[in-house]
Amino acid sequence: MMNPKSSLSVLVLDDDLFILKTTHHALTQLGFNNIITAHSVHFALEQLGHFESIDIILMDLNMPETDGIEFFRTLEIHNFLGGIILISGEDEQTLALAKDLAKARKLNIIGTIAKPLNNRILQTLLSQWAQSRTPVKEIVRRPTIVSQADLQSAIDAGELEPWFQPMIQLQTGEVTGVEMLARWPKIDGYIYPDEFIPLAEASGLINPLTFLLIKKASYWLGHWKKHGLHLRLAINISMNSLHDLDFPDQFIKTISDAGVDPNDIPLTIEVTESSLAEDLSTPLDNLLRLRMKKIGLSIDDFGTGWSNLTQLQGLPFTELKLDLSFVQGAATNSRTRTILESTVKMAKHMGMTTVAEGIETKEELEYIKGLGCDLAQGYFMARPMPGGDILNWTKNWKKPE
Ligand code: C2E
Ligand code: CA
Ligand code: CA
């Protein structure tokens, strides 16, 4: 009988080179001969491009660059169908928690091993897996919609487009700004950001994507200004970018090369609330540096995460964007209404601008206006549109009475 192990490929991921070496040795002893070692997620991705050919990943949870939890997200995006063994110096509780997190991402955890690596446990786990599983290459894969290579060439070729959704000042009804939203034009329609932003984040393409869109948006900002329309621009920024210490400089350089002066055209960066639960030391440095360059900072999707306003007090945010589920839930749920009302009050008290997003009806618009929200955005006013449609839309925009 063929040794089932010999046909399986194993990726070992650990920033500790000694562990990489000993694990490689242990695996060879166990009869595996298709072993890839990587000291970082980045390196693994660079070497492999994807994880399609990998059957088993043995991984350290705690790595300096991309930690294990973040890596789960990458694996989910890459549709990883193989098995995962967690090796970690963390305590059992952390390992168990990580296991739950991986399960939530529909990843297949074979087991966990505490450091130092115990070869016998490793052998048991691997043998069970090897005997019970068909190699990944033989499983029919779910279709992936976009590949990293496609996205890379679309960015290189400048194919991605910024679309814009107007924001109105509630008290005056005036259009005062737009949020930039990424679109990927294809012959038969558009690909929406939910289908490529996570991939861009996982594959290191998010900064080139953001900068491409900013460059294109700056053309429109100038064009609108020439026609007497002075709009502020809100830009979605991924938390991945904010973990990169070079990001503020690159961002400032991109806007200044594009001729956008934040003192003239107010810019706001939107960061989702859920991403603020992570380790914030680097992002906070970056946010502060951007704030010092007069960039507004907005917490996006507020109400979907766990933070409360007191926790946010130490952070340099200037704006709170109330999530659409929050705004839309207010009509039917009195508890949501209470939270919403007190959130707007507290945000005001803290000197933050409040934006309500996802306004789809006149009733919702009136309700949030009554709450004292500053700005509103939603299908009721306008859907996102190409830059070329903004002037015309604004001309026809009738302020609500
Ligand atoms: P977001 O930042 O919360 O943007 C608002 C999303 O809600 C947009 O979806 C918008 O089209 C949609 N929306 C606006 N008004 C309404 C409404 O009244 N009702 C409903 N149901 N939806 C409304 P979109 O354009 O598909 O973008 C999805 C998400 O993708 C964005 O959510 C944002 O997190 C992300 N995204 C978009 N562009 C970029 C980008 O350039 N960079 C990054 N990092 N993320 C982006
Ligand atoms: Ca946003
Ligand atoms: Ca949002």
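Residues numbered from 1 in each chain as written. Chains lettered and ligands numbered in written order. Predicted model: local features only at pLDDT ≥ 70, side-chain atom pairs only at ≥ 80, totals over all residues. Heavy atoms only, no water.

Enquirer: Would you mind going over the overall build of the chain in detail, with residue names and values included?
Expert: What the chain contains, in helices and strands, is 16 helices and 15 strands. Dimensions of the chain along its principal axes, counting C-alpha atoms only, are 80 × 45 × 40 Å. A buried classification covers 49% of the 401 residues belonging to the chain. In the chain, of all internal contacts separated by at least 6 residues, the share reaching a separation of at least 24 is 70%. Carbon and sulfur atoms provide 51% of the accessible area of the chain, an area that totals close to 19600 Å². If you average the places of the 36 positive and of the 50 negative side-chain charges in the chain, the two averages end up 3 Å apart. (Helix = DSSP H or I, 4+ residues; strand = E, 2+ residues; numbered from the N terminus. Buried < 20%, exposed > 50% of the residue type's maximum accessible area, 1.4 Å probe, protein only. Contact = heavy atoms within 4.5 Å. Areas by Shrake-Rupley, 256 points an atom, 1.4 Å probe, with all protein chains shown as cover. Lys, Arg positive; Asp, Glu negative; His and termini not counted. Charge placed at Lys NZ, Arg CZ, Asp CG, Glu CD.)

Enquirer: Quick one: what's the story with the sheet that holds strand E3 (residues 56–60), residue by residue and with numbers?
Expert: With respect to topology, five strands assemble into an open sheet ordered E2-E1-E3-E4-E5, the strand pairing being parallel. The sheet is open, and its two borders are formed by strand E2 (34–38) and strand E5 (108–114), each paired with just one other strand. Neighbour-to-neighbour, the strand axes of the sheet open up by a mean angle of 15°, direction not taken into account. Bridge analysis of strand E1 (residues 9–13) against E2 gives five bridges, and the strand direction is parallel. When the sheet's bridge partners are listed, Val10 is paired in E2 with Ile35. (Pairing = 2+ DSSP bridges. Axes fitted to C-alpha atoms, helices over the stretch in contact; angles between N-to-C directions.)

Enquirer: Help me get a handle on unusual backbone geometry, residues and values and all.
Expert: If you check the backbone angles, Lys106 has positive phi at about 60° while not being a glycine. Here Lys106 is to be found in the loop between helix H4 (92–104) and E5. By relative accessible area, Lys106 is classed as exposed at 67%.

Enquirer: Explain the nonpolar core to me, using residue names and the numbers behind them.
Expert: In this structure, Leu160 and Phe251 are the most contacted members of the largest nonpolar core, which totals 78 residues. Residues within four places of Phe251 in sequence aside, it is in contact with Phe211, Ile214, Ile235, Ile237, Ile269, Leu290 and Ile295. (Core = buried A, V, L, I, M, F, W, Y, C linked by side-chain atoms within 4.5 Å.)

Enquirer: Can you explain the coordination of the calcium ion (ligand 2)? Please cite residues and give values.
Expert: Those protein atoms acting as donors to the calcium ion (ligand 2) are Glu179 (OE), Asn236 (OD1), Glu270 (OE) and Asp300 (OD), and they sit at 2.1 to 2.3 Å. One chain supplies every donor for the calcium ion (ligand 2), spaced along it as E-x56-N-x33-E-x29-D. (Donors = N, O, S within 2.8 Å, 3.2 Å for Na, K, Ca; no water.)

Enquirer: Which residues make up the coordination of the calcium ion (ligand 3), and what values go with them?
Expert: For the calcium ion (ligand 3), every protein donor is listed as Asp300 (OD), Asp301 (OD), Glu357 (OE) and Glu357 (OE), and the spread of their distances is 2.1 to 2.8 Å. All donor residues of the calcium ion (ligand 3) come from one chain, and their arrangement in sequence is D-D-x55-E. A distance of 4.1 Å spans the gap from the calcium ion (ligand 3) to the calcium ion (ligand 2), which Asp300 bridges by coordinating each metal.

Enquirer: I'd like a description of the packing of aromatic side chains, backed by residues and values.
Expert: Under the counting rule described, the total for this entry stands at seven aromatic pairs. Ring centres of Phe164 and Trp224 lie 4.9 Å apart, and the angle between their planes is 85°; on these two criteria the pair is classed as edge-to-face. Within this pair, whereas Phe164 is found in strand E6 (residues 161–169), its partner Trp224 is found in helix H8 (residues 206–226), the two being separated by 60 residues in sequence. With a relative accessible area of 0%, Phe164 lands in the buried category. Aromatic side chains Trp393 and Trp397 sit 5.2 Å apart centroid to centroid with 20° between the ring planes, which places their arrangement in the stacked category. (Phe/Tyr/Trp six-rings, centres within 6.5 Å; stacked < 30°, edge-to-face > 60°.)

Enquirer: For the side chain of Thr354, give the residues involved together with the corresponding values.
Expert: Tracing the chain through its elements places Thr354 in strand E13 (residues 353–356). Apart from residues lying up to four places away in sequence, Thr354 is in contact with Leu320, Val344, Ala347, Gly372, Cys373, Asp374 and Leu375.

As far as function goes, none of this settles anything; it's purely spatial.
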